[in-house]
Amino acid sequence: MEKTFLFFDIECANMFDGVGKICSFGYVLTDEDFNIMDSDDVVMNPETEFDWYLFSPKNKCPLAYSKDYFRSKPNFEAYYKPIKNLLEFPGRKVIGFGSKDDVGFIVSACERYGLAGINFSSWDISTIISQKKQMHKSLVNWCEEYKIDVSGLTAHKSCDDAMMTMLVAKAFCQEQGISLEQLLDANKDIKLSVEKYLELRENRFHIEELSKKIAELFGKKSRAPLTKRLQGEYSFGFKIKTDIDLAFKLANLVYRHGGMLMKNLKKSGTVIMLDDCGSEIVENMKKRGLSVLTVQQFEELVRME
């Protein structure tokens, strides 16, 4: 079976509520030597309003088509099967630029229209090159870096962005002296599957939910605490904030035992920090007039099991 590689890009009408509503799916299909086998810009009706900024004079890269043109097209459901076939074709490898978002757009579109999920994985050429070069650039800027002629291409036209993604990948492979297959095989850790995306999204929702619950406790003092072992104001060290489950657990204990949780402490109060926070950090906190409790000390104070 001939190896095929799908470079793709997606444009959305808006990202309201954190959900992208697809208005175009562009792709370039090639063989391993970057010979183009097929390319198209699948334009569709997003069945929603467009973010005003997309057509604002201030936007240097507006969408490639008018609102009326988008709305004259069928919706995502009409293109579902051909898009699914493109992405799920046996043995095909899918590549995008900043494709984490694009994977999410496909997931959201299927959910929005009540369709079975499209099961695919995508490599992100942006991440691959950025990690190798130790610098971040936009797609257009990488084209400039590799002196790629984009005079006939339009940024934010999905098929043209897919073409630029392919040309950048080609230039990078030539620079590194490797084939596209070798490049992707060496960067399997940068491949994002739909399954992994859903796992990351679920974790993000979990973090957002607990962060909201923690924020609701800021500046509040329980009228009927279980104990009064805690007095004054409390906050968390930075590293605890990165462990949302621990932060939520500690926030509730502060509230339930008579303390007041604050987002930040100014001149007084107690900072709860990880057990291995280091003496230098503790001394810096004390110089600011703040007390420090490690998680272990805090747990002992409230007599946790």
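Coordinates for the structure precede this section.
Overview of the structure. Just so you know, these numbers come straight off a predicted model, no measurement behind them. (Residues numbered from 1 in each chain as written. Predicted model: local features only at pLDDT ≥ 70, side-chain atom pairs only at ≥ 80, totals over all residues. Heavy atoms only, no water.)

## Notes on the pattern of salt bridges
Turning to step 1, where the next piece is worked out: Enumeration according to the criterion identifies ten salt bridges in this entry.
Turning to step 2, where the next piece is worked out: Across the salt bridge formed by lysine 93 and aspartate 185, the nearest N and O atoms sit 3.1 Å from each other. Separated by 92 residues along the polypeptide, lysine 93 in strand 4 (residues 93-96) and aspartate 185 in helix 7 (residues 180-185) bring together distant segments of the chain.
Turning to step 3, where the next piece is worked out: With relative accessibility at 16%, the residue lysine 93 sits in the buried group. (Salt bridge = Lys/Arg side-chain N within 4 Å of Asp/Glu carboxyl O. Helix = DSSP H or I, 4+ residues; strand = E, 2+ residues; numbered from the N terminus. Buried < 20%, exposed > 50% of the residue type's maximum accessible area, 1.4 Å probe, protein only.)

## A few points about the packing of aromatic side chains
Turning to step 1, where the next piece is worked out: A complete count under the given rule lists twelve aromatic pairs for this structure.
Turning to step 2, where the next piece is worked out: In textbook terms, an aromatic cluster arises when at least three aromatic residues are bridged by ring pairs, as seen for Phe50, Phe55, Tyr65, Tyr69 and Phe70.
Turning to step 3, where the next piece is worked out: Taking NZ or CZ as reference, lysine 137 lies 5.9 Å from the ring centre of tryptophan 142, over its face. (Phe/Tyr/Trp six-rings, centres within 6.5 Å; stacked < 30°, edge-to-face > 60°. Lys NZ or Arg CZ within 6 Å of the ring centre and 35° of its normal.)

## With respect to the side chain of aspartate 160
Turning to step 1, where the next piece is worked out: Looking at the secondary structure, you find aspartate 160 in helix 6 (residues 158-176).
Turning to step 2, where the next piece is worked out: Here aspartate 160 occupies a buried position and makes no salt bridge, while the nearest side chain of opposite charge, lysine 157, is found at 4.5 Å.
Turning to step 3, where the next piece is worked out: In terms of polar contacts, aspartate 160 uses its side chain to reach the backbone amide nitrogen of threonine 154, at 2.8 Å. (Lys, Arg positive; Asp, Glu negative; His and termini not counted. Polar contact = N/O pair within 3.5 Å; in protein donor to acceptor, adjacent residues only side chain to side chain.)

## Structural notes on the pairing of strand 3 (residues 36-43)
Turning to step 1, where the next piece is worked out: In terms of strand pairing, strand 2 (residues 22-30) meets strand 3 through seven bridges, oriented antiparallel. For phenylalanine 25, the partnering residue across the bridge sits in strand 3 and is valine 42.
Turning to step 2, where the next piece is worked out: Counting the residues in the hairpin turn of strand 2 and strand 3 gives five residues, including phenylalanine 34, whose phi is positive at 70°. (Pairing = 2+ DSSP bridges.)

## Observations regarding the pairing of strand 4
Turning to step 1, where the next piece is worked out: Burial along strand 4 is two-sided: the residues Lys93 and Ile95 and Val94 and Gly96 are all buried.
Turning to step 2, where the next piece is worked out: Bridge count for strand 1 (residues 5-12) against strand 4 is three bridges, and the pairing is parallel. Its bridge partner lying in strand 4, leucine 6 is registered against valine 94.
Turning to step 3, where the next piece is worked out: Taking the sense of rotation as the criterion, the β-α-β connection linking strand 4, helix 3 (residues 99-112) and strand 5 (residues 121-124) turns out right-handed. (Right-handed = clockwise from strand over helix to strand, strands pointing away.)

## A closer look at the sheet that holds strand 3
Turning to step 1, where the next piece is worked out: With respect to topology, six strands assemble into an open sheet ordered 3-2-1-4-5-6, the strand pairing being mixed. Here the strands that pair on one side only, and so sit at the sheet edges, are strand 3 and strand 6 (191-193). The average angle at which neighbouring strand axes cross in this sheet is 25°, direction not considered.
Turning to step 2, where the next piece is worked out: The strands touched by helix 2 (residues 76-88) are strand 1, strand 2, strand 3 and strand 4; relative to strand 2, the strand with the most contacts, the crossing angle is about 25°.
Turning to step 3, where the next piece is worked out: Most of the contacts of helix 3 go to strand 1, to which it runs at about 70°, and overall it touches strand 1, strand 2, strand 4, strand 5 and strand 6. (Axes fitted to C-alpha atoms, helices over the stretch in contact; angles between N-to-C directions. Contact = heavy atoms within 4.5 Å.)

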